[in-house]
Amino acid sequence: MTVVSPSPLRRIAHLDMDAFFASVELLRYPQLKGLPMVIGGGRRKVDEIVERDHAGRALSEIPVEAFPLLKDYVGRGVITTATYAARQFGVGSAMGMMKAAKLCPQAIVLPVDFDEVRRLSRLFKSVIREIAPVVEDRGVDEVYIDFTEVPGGQREGGRVLARLIQKSIFQATGLTCSIGVAPNKLIAKLASEFDKPNGISIVYASDLEPRIWPLPCRKVNGIGPKADEKLKRLGIATVGQLAARDRDWLIANFGKATGAWMHEVSWGRDDRPVVTESEPVSMSRETTFDRDLHAVRDRAELGAIFTHLCEKVAEDLRRKGYVGKTIGIKLRYDDFKSATRDQTIDRFTDDGKTIRQIGGQCLKRVPLERPLRLLGVRVGALAKAGSPEALAPAGTRAAAEPVSTTASLF
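Residues numbered from 1 in each chain as written. Predicted model: local features only at pLDDT ≥ 70, side-chain atom pairs only at ≥ 80, totals over all residues. Heavy atoms only, no water.

**Q** I would appreciate a short explanation of the overall build of the protein chain in the present structure.
**A** In terms of helices and strands, the protein chain carries 15 helices and 13 strands. Against the 2.2 N^0.38 benchmark of 22 Å for 410 residues, the protein chain shows a C-alpha radius of gyration of 24 Å, consistent with a compact globule. With the C-alpha coordinates of the protein chain rotated into their principal frame, the extents come out at 80 × 60 × 50 Å. As displayed, the protein chain has an accessible area near 21100 Å², and 52% of this comes from carbon and sulfur atoms. In the protein chain, the 62 positive side-chain charges and the 51 negative ones have mean positions that sit 3 Å from each other. (Helix = DSSP H or I, 4+ residues; strand = E, 2+ residues; numbered from the N terminus. Rg over C-alpha atoms; globule rule 2.2 N^0.38 Å. Areas by Shrake-Rupley, 256 points an atom, 1.4 Å probe, with all protein chains shown as cover. Lys, Arg positive; Asp, Glu negative; His and termini not counted. Charge placed at Lys NZ, Arg CZ, Asp CG, Glu CD.)

Below you can see the structure in the form of structure tokens.
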């Protein structure tokens, strides 16, 4: 008689590096450990200044009082991340630096070291793939991992494998992470926040009511601030209260797609697989200015910044092996309103001059009377460089404007 083995329990992990950008700085400056610190702001000059003033000392021996404080920060930057000591004061990601300075003026402020962040991001992901190969990259500091068929992935609900991954990442990088293991990606992402930092949370389908339903709706990935506000106006504050609502009622109030999705996620249903390969939709670069810039009075400075952004996007495309044919710009004015424009050309490109030229055409289609606080460049409609799509003869597009040889507004 043939014995059929039962299918293994689906076990999906979400791994989130702990205060990743700040933790990268603590590897360089361990004397700042335990102190409130934020990462963000302007260009990376702090190291040069601090190290110049303390030449001859090891980085770990530079006194804490030598580092700049948030109370002295002047500019328009936003916080990328904050240490847990700073978060206790209400400081968090995407908060304006000046606002954060009022909440935690004593916090040390350091800019992002993008090169080191990218290096360590690649390193911790390579460590994971050596242990559990089915990994979905979700950004510089987080991934989903399919534990289901991996040795140890079923032991203690996945805790044994999660512990091995945590230990291996720490040995390779000196950094900690938090891991949630659950029946699907939706619950795993929620679970990875349960026991931060350096925690492991194991959740089963039976834990939906006691562990997931009491959470605020805003905790669910995909429920943004506007949807959360509307839910609260309708008397729904928690995931459990959302689950108590009839599916048709949610559709009537939020539309067919969103209402049906809310009903599914409130009951912990999520069949999405862990996707190991995903093609980028676009690549972009943007910068927030230290002061507002005007298209006329600051034309030369804006032109140099714009050219630099176009060149960096072109470098990103070439480094990752892509070309694109939709080029767009993004502006944010001093009143925080934004404007975007894009243009599709009839051939793929990864050339900085072409991106600059078409981006300049886009700039002619936006109002530039108000001062600007942010400028961005984006290249979309991507294809792999050298692919049949990218190498196909250029077609004609009625919607595309001819490439102008005249100068852009800046």
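**Q** Explanation requested: the sheet that holds strand S2 (residues 37-40) in the structure shown.
**A** Backbone-to-backbone hydrogen bonds pair the strands of a sheet. The strands run either parallel or antiparallel. Spatially, three strands are ordered S3-S2-S4 in an open sheet, and the strand pairing comes out mixed. Each having just a single partner strand, strand S3 (79-82) and strand S4 (108-110) make up the two edges of the open sheet. Across the sheet, the mean angle from the axis of one strand to that of its neighbour is 25°, orientation sign disregarded. As defined by bridge partners, S2 adjoins S4 across three bridges and the pair is classed as parallel. When the sheet's bridge partners are listed, valine 38 is paired in S4 with valine 109. Taken strand by strand, helix H1 (residues 20-28) contacts S2, S3 and S4, and its axis lies near 110° from that of S2. (Pairing = 2+ DSSP bridges. Axes fitted to C-alpha atoms, helices over the stretch in contact; angles between N-to-C directions. Contact = heavy atoms within 4.5 Å.)

**Q** Hey, could you run me through the environment of arginine 57 in this one?
**A** Topologically, arginine 57 is positioned in the loop between helix H2 (46-53) and S3. Assessed through its relative accessible area of 44%, arginine 57 is described here as partly exposed. Taking the C-alpha atoms as reference, arginine 57 lies 35 Å from glycine 199; in sequence the two are 142 residues apart. (Buried < 20%, exposed > 50% of the residue type's maximum accessible area, 1.4 Å probe, protein only.)

**Q** I tried to follow the environment of proline 111 on my own but got confused; where do I start?
**A** Position of proline 111 among the secondary structure elements: in the loop between S4 and helix H5 (114-131). Given the relative accessible area of 5%, proline 111 is considered buried. Sequence spacing of proline 111 and phenylalanine 21 is 90 residues, and the spatial spacing of their C-alpha atoms is 9.3 Å.

**Q** Looking at this structure, I do not really get helix H6 (residues 159-173). What am I missing?
**A** Each α-helix winds once per 3.6 residues, and so residues spaced three or four apart point in a common direction. With 15 residues, H6 should reach 21 Å at 1.5 Å per residue; the first-to-last C-alpha distance of 21 Å fits that figure. Inspection of H6 places Val160, Leu161, Ala162, Ile165, Gln166, Ser168, Ile169 and Thr173 among the buried residues, and these make up the whole buried set. Once H6 ends, the next one or two residues include glycine 174, with phi positive near 80°. (Expected span 1.5 Å × (residues − 1).)

**Q** Mind showing me how you'd approach the confidence of the model for the protein chain here?
**A** Interpretation of this model should avoid reading the predicted coordinates in detail wherever pLDDT is low. In the predicted model, the protein chain carries a mean pLDDT of 88, and the fraction of residues at 70 or more is 90%. Every residue in residues 396-407 scores below 50 in pLDDT, and together they form 16 contacts with partners more than four places removed in sequence or on other chains. (pLDDT = per-residue confidence, 0-100.)

**Q** How do you make sense of the packing of helix H13 (residues 299-320) against helix H14 (residues 352-363) when you look at a structure like this?
**A** Each packed pair of helices is defined by two parameters, the angle between the axes and the distance between the axes. Where H13 meets H14, the axes come as close as 8 Å, and the angle between the chain directions of the two elements is 130°. With respect to their mutual orientation, H13 and H14 come out oblique. In terms of crossing hand, the pair formed by H13 and H14 is right-handed. Between H13, through Gly303, Phe306, Thr307, Cys310, Val313, Ala314, Leu317 and Arg318, and H14, the contact on the second element is made entirely by Gly352, Ile355, Arg356, Gly359, Gly360 and Leu363. Residue composition of the contact of H13 with H14, grouped by class: seven nonpolar, five polar and two charged. (Parallel < 35°, antiparallel > 145°, perpendicular 65-115°, else oblique. Left-handed = near helix turned anticlockwise from the far one by under 90°. Nonpolar A, V, L, I, M, F, W, Y, C, P; charged D, E, K, R; others polar.)

**Q** Help me out: how do you make sense of the environment of arginine 155 in this one?
**A** Mapped onto the secondary structure, arginine 155 falls in the loop between strand S6 (142-146) and H6. Distance in space between the C-alpha atoms of arginine 155 and proline 197 is 22 Å, their sequence separation being 42 residues.

**Q** For this particular structure, what's the right way to read the pairing of strand S1 (residues 12-17)?
**A** Consecutive residues of a regular strand have side chains that alternate between opposite faces of the sheet. S1 sits mainly inside the fold: six of its six residues count as buried. Side chains Ile12, His14 and Asp16 of S1 all project onto a buried face; the interleaved residues Ala13, Leu15 and Met17 project onto the opposite face, where all are buried too. Two strands pair when backbone bridges link them, and S1 and strand S7 (residues 177-182) are joined in this way by six bridges, in the antiparallel orientation. Considered in S7, the bridge of methionine 17 is made with cysteine 177. As paired elements, S1 and S6 share five bridges and run antiparallel to each other. Considered in S6, the bridge of leucine 15 is made with valine 143.

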